[in-house]
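Examining the three-dimensional arrangement
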Amino acid sequence: MVKCWDLEYNKVIRHYHGHLSGVYNISLHPTLDVMVTGGRDSSARVWDMRTKAQIFALTGHTSTVSDVKCQEADPQIITASMDSTVRLWDLAAGKTMSVLTHHKKAVRALAINPKEFTFASASPDNIKQWKCPRGDFIQNLEGHNAIVNTLSCNQDGVLFSGADNGSMHFWDYKTGYNFQTAESLVQPGSLESEAGIFCSSFDRTGSRLITGEADKSIKIWKEDENATPETHPINWKPRLGRGGF
C-alpha cells in the first residue's frame, strides 16, 4: 500500500491500493499529477494522485522493480529490476518502448542527468550510461566493484554511487573518470557490516550530498574546501574505445 501524507497536519489523506507485495520505490512525475511506484510484485504501477485510481500496471519485469524514475519527455518512465534489465515506458500507451538487457546482474539504481537527456544505471558488474529516448548505450563506468544500491547526479555533472559495503565513488559524468573514492564510517556501537549506503540525494545547490545508511544514520557530506590539484591529482587515462556492452 502507498500512503499520501499531509505534512501540515501530519496525517494520512490518501491510500493507493493495488500492489501485491512490498513497495520499494516511488517517483513523482515532474509535470503531471501522476506518480509511479515499483515493488516486489515485479510491476510498476501508475497512479492518479488526485483520484487514487490506478492508471496502468506496467508489467514485463520478471523480478523485483528496484528503482523507478520519471521525466517530462519520453521515455517518461524508466524502471530498473532485479531481473538485470532496464525498461523504458511509453506513459500514454502504458507499454514498453525498449528493454535494455546489457547488465549481467541485478540493476538496483537509476539516476537521470538534470542537464542532459541521458541517464545511468548501476549493477554489481558496472555502471552504464544511456541516451534517451531509445536507450542507446554510451559508456561503462568501471571500478565500483560492489553491490551499488544508489546513484545520484547533480547539476555539475558529478555522479555519486553508494554501495552495500559503505564504499562511495564520485564520477565525472561526461568522461566516466572516477575522481574520488571514500568509505562511510559506521556510528559508534554499530557493526562494521552496517556501513551500507541505501539511498542518496544531492540537495538543491548540488554541493551537499545526503545519504541514508544501514547504521540507522543520515549523513550529510560537503565538498572539501581545502582540496587542491596537488592534494587530489587527476590520474585520468582515457581509452580510445568507450567500452563494450
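Up top is the structure these notes are about.
Treat the numbers as computed from the prediction; the structure is a model and nothing was measured.

Okay, the nonpolar core next. Counting residues in hydrophobic clusters, the biggest one holds 12 residues: Ala 109, Ala 111, Ala 120, Ala 122, Ile 127, Leu 141, Val 148, Leu 151, Cys 153, Leu 159, Trp 171 and Tyr 173. Secondary structure elements with two or more residues in this core: strand E11 (109–112), strand E12 (118–122) and strand E15 (148–153). For this core, the leading source of residues is E15, giving 3 residues. In this structure, Cys 153 is in contact with Ala 111, Ile 112, Asn 113, Pro 114, Val 158, Leu 159, Tyr 173 and Phe 202, ignoring residues within four places of it in sequence.

Here we come to the pairing of strand E10 (residues 95–100). Bridge analysis of strand E9 (residues 86–90) against E10 gives 5 bridges, and the strand direction is antiparallel. Bridge assignment links Arg 87 to a residue of E10, and that residue is Val 99.

On to the side chain of His 61, then. Within the fold, His 61 resides in the loop between strand E6 (54–58) and strand E7 (65–70). A polar side-chain atom of His 61 sits 3.3 Å from a polar atom in the side chain of Asp 83. Polar side-chain contacts of His 61 include one of 3.3 Å to the side chain of Thr 85. Dropping the residues within four chain positions of it, His 61 is found in contact with Ser 42, Thr 79, Ser 81, Asp 83, Thr 85, Arg 87 and Trp 89.

All right, on to the sheet that holds strand E21 (residues 218–222) then. The strand order across the open sheet formed by 3 strands is E19-E20-E21, and the pairing between neighbours is antiparallel. Each end of this open sheet is capped by a strand with a single partner; those strands are strand E19 (197–202) and E21. Between one strand and the next, the sheet's axes are offset by a mean angle of 20 degrees, whatever the strand orientation.

Let's shift gears to the packing of aromatic side chains. To describe a pair of aromatic rings, you give the distance between the ring centres and the angle between the ring planes. As enumerated under the stated definition, the model contains 4 aromatic pairs in all. Relative to Phe 137, the ring of Trp 130 lies with its centre 5.7 Å away and its plane at 75 degrees, an arrangement referred to as edge-to-face. For Trp 130, a relative accessible area of 0% translates into the label buried. Every member of this aromatic cluster is reached through a ring pair, and the members are Phe 160, Phe 170 and Phe 179.

Calculation rules
- Residues numbered from 1 in each chain as written.
- Predicted model: local features only at pLDDT ≥ 70, side-chain atom pairs only at ≥ 80, totals over all residues.
- Heavy atoms only, no water.
- Core = buried A, V, L, I, M, F, W, Y, C linked by side-chain atoms within 4.5 Å.
- Buried < 20%, exposed > 50% of the residue type's maximum accessible area, 1.4 Å probe, protein only.
- Helix = DSSP H or I, 4+ residues; strand = E, 2+ residues; numbered from the N terminus.
- Contact = heavy atoms within 4.5 Å.
- Pairing = 2+ DSSP bridges.
- Polar contact = N/O pair within 3.5 Å; in protein donor to acceptor, adjacent residues only side chain to side chain.
- Axes fitted to C-alpha atoms, helices over the stretch in contact; angles between N-to-C directions.
- Phe/Tyr/Trp six-rings, centres within 6.5 Å; stacked < 30°, edge-to-face > 60°.

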